[in-house]
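# Structural description and commentary
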Amino acid sequence: MRPATLGVIAVALTAILLMPAPGALPGAEWRLLLLFAATIAGVLWHPYPIGVMVLMSLAFGSSAGLLTLQQALAGFSNSVTWIIVSAFMFSRAFIKTGLGRRIALIFIARLGSSSLRLGYALGLTDLVLAPVTASNTARTGGIIFPIARSLSQEFDSHPGPTARRIGGYLLLTAFQVNVITSAMFLTAMAANGLTAQLASQTAGVEISWELWFIAASVPGAVAVATIPYLIYRIFPPELKATPEAQSYARDQLIRLGPMNVSEKTLLGVFTLLAMTWATSRLHGVSTVAAALSAVVVLLVAEVLSWKDLTGEHAAWSTFIWFGGFVSLAEALGETSLIPALVNQAGNWFAGWSGMGTLMVVLVVYLYLHYGFASMTSQIIALYAAFLAIAVGAGAPPLLAALLLCFFSNLYASLTHYGDGAAPIYYGSGYIELKPWWTVGFAISLANLVIWLGLGLPWWRLLGIW
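Residues numbered from 1 in each chain as written. Predicted model: local features only at pLDDT ≥ 70, side-chain atom pairs only at ≥ 80, totals over all residues. Heavy atoms only, no water.

Okay, the packing of helix H11 (residues 209-234) against helix H24 (residues 455-462) next. Where H11 contacts H24, the two axes come as close as 9 Å, and the packing angle between them is 145°. Crossing angle aside, the handedness with which H11 passes H24 is right-handed. Contacts between H11 and H24 pair Ile214, Ala215, Ser217, Val218 and Pro219 from the former with Gly455, Trp458, Trp459 and Leu462 from the latter. Looking at the contact of H11 with H24, its residues break down into seven nonpolar, two polar and no charged. (Axes fitted to C-alpha atoms, helices over the stretch in contact; angles between N-to-C directions. Helix = DSSP H or I, 4+ residues; strand = E, 2+ residues; numbered from the N terminus. Left-handed = near helix turned anticlockwise from the far one by under 90°. Contact = heavy atoms within 4.5 Å. Nonpolar A, V, L, I, M, F, W, Y, C, P; charged D, E, K, R; others polar.)

Okay, structure coming up:
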């Protein structure tokens, strides 16, 4: 580590301990707030991986008496933390067994007679896999992207002069649909659980897997049905008819052969888990218990090995930074700071309607993503504050929390660096920067129309506001 980095960290930690609290704010609460802010700054600065920064904050906070040991470890027993870890394990199982690739090839064999239908085939594959793949990057890099690129090459579409033949359209469509499916399920993107937890700490609303899915189902389904066609119109492929894609997919399925025992077991467990999650209110089985039970079944059936579990580095990295950040957020939520922030936010927007404030907050939150290189960093930096502003101005708490949850995924449509999946597609060389940003901005407007125009009446019907 460079001496300058050490110096900055030392100064920041010293300031946390010595900086006097303003007004009548209790000193302990003020120092905890500074620690929280320093953690956010560290995530944005990124001198170390996010997990290291969070562990550093927990170690310092507990050593300095800003956190009890129980508070420092609380996030690691949080239910959402374990749901996300379980979803990472399922993602590995889909890639290891080849079931994810088989599902994609089946959709292509059935739907792939045109470039537009191929776009839908890739999108439907992503939609089917999203509920149990907590890493949208793994879903992209391990399953969808390799197939989309192979299809492009089958049609002699390569980076450069032939990219627009079909490859550019397929890859850009696959990326934009991945953004939507990530917004549709609590377990479809690693940081979704963080937004749900921050909603609980900031606005006192609980967002379960079932509630998230039901709320997102109508606007999400319409977006999945709309976005591939919209891209087809504004970024059209040169090749329209693609009967060869169906032949390619059938040939690949023949090479795969019949489903083996591992694939059948995984498909059965996956179906049962999805049904259990979707009907949790009827039987009372918690989503965590169901997810952990499913992972155990995959271990006992030898679909996954113990080495697979311990080697899933993305899962355990997420477990550390997510659990640690939840610990900090929960400790901060136990202070008087969040209620004070909500009250202050109400004063900032005095005279505004709650819904009007929420719309402004949402649009600003969306387009601020041009300045962030990851979804997680923006969530950590802005989600709780923007939710507090909306709720403080009188916006319905659950509606505001859900909208910010959904758009904490949808804002990734804007740039080629906005989430982990974007660099994979952009780095392929099929899509130049200008059309990427142009299409991304158009998709952001379409998402605003779809998720607000259809979402608000749907959520009204559900009683969310």
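The next thing to look at is the packing of helix H19 (residues 354-367) against helix H21 (residues 397-410). At their nearest, the axes of H19 and H21 sit 10 Å apart, and the two run at 15° to each other. Classified by the angle their axes make, H19 and H21 are roughly parallel. The handedness of the crossing between H19 and H21 is right-handed. Note on element contacts: H21 touches H19 through Leu399, Ala400, Leu403, Leu404, Phe407, Ser408 and Leu410, opposite Met355, Leu358, Met359, Leu362, Tyr365 and Leu366. Here the residues of the contact of H19 with H21 sort into 12 nonpolar, one polar and no charged. (Parallel < 35°, antiparallel > 145°, perpendicular 65-115°, else oblique.)

Take the environment of Trp436 next. With respect to the helices and strands, the residue Trp436 is situated in helix H23 (residues 433-453). Judged by its relative accessible area of 0%, Trp436 is buried. In the structure, Trp436 is positioned 10 residues away from Tyr426 in sequence and 8.2 Å away in space, judged by C-alpha atoms. Not counting residues within four places of it along the chain, the set of residues in contact with Trp436 comprises Leu172, Phe175, Leu414, Thr415, His416, Ala422, Tyr425, Tyr426 and Ile431. (Buried < 20%, exposed > 50% of the residue type's maximum accessible area, 1.4 Å probe, protein only.)

What follows concerns the nonpolar core. Soluble globular proteins: nonpolar side chains tend toward being buried together. Phe90, Phe94, Tyr383 and Trp451 are the most contacted members of the largest nonpolar core, which totals 161 residues. Among residues more than four places away in sequence, those in contact with Phe90 are Val132, Leu266, Val269, Phe270, Leu273, Ala294, Val295 and Leu298. (Core = buried A, V, L, I, M, F, W, Y, C linked by side-chain atoms within 4.5 Å.)

Another point: the packing of aromatic side chains. All told, the structure shown has 22 aromatic pairs when counted by the stated rule. With centroids separated by 5.7 Å and ring planes inclined at 80°, the aromatic side chains of Tyr169 and Tyr232 adopt a geometry described as edge-to-face. Note that Tyr169 is positioned in helix H9 (residues 167-184) and Tyr232 in helix H11, a separation of 63 residues in sequence. The same class applies to Tyr169 as to Tyr232, namely buried. Site record: aromatic cluster; members linked through ring pairs are Phe145, Phe175, Tyr425, Tyr426 and Trp436. A cation over an aromatic ring shows up here: Arg460 above the ring of Trp465, its NZ or CZ 4.5 Å from the ring centre. (Phe/Tyr/Trp six-rings, centres within 6.5 Å; stacked < 30°, edge-to-face > 60°. Lys NZ or Arg CZ within 6 Å of the ring centre and 35° of its normal.)

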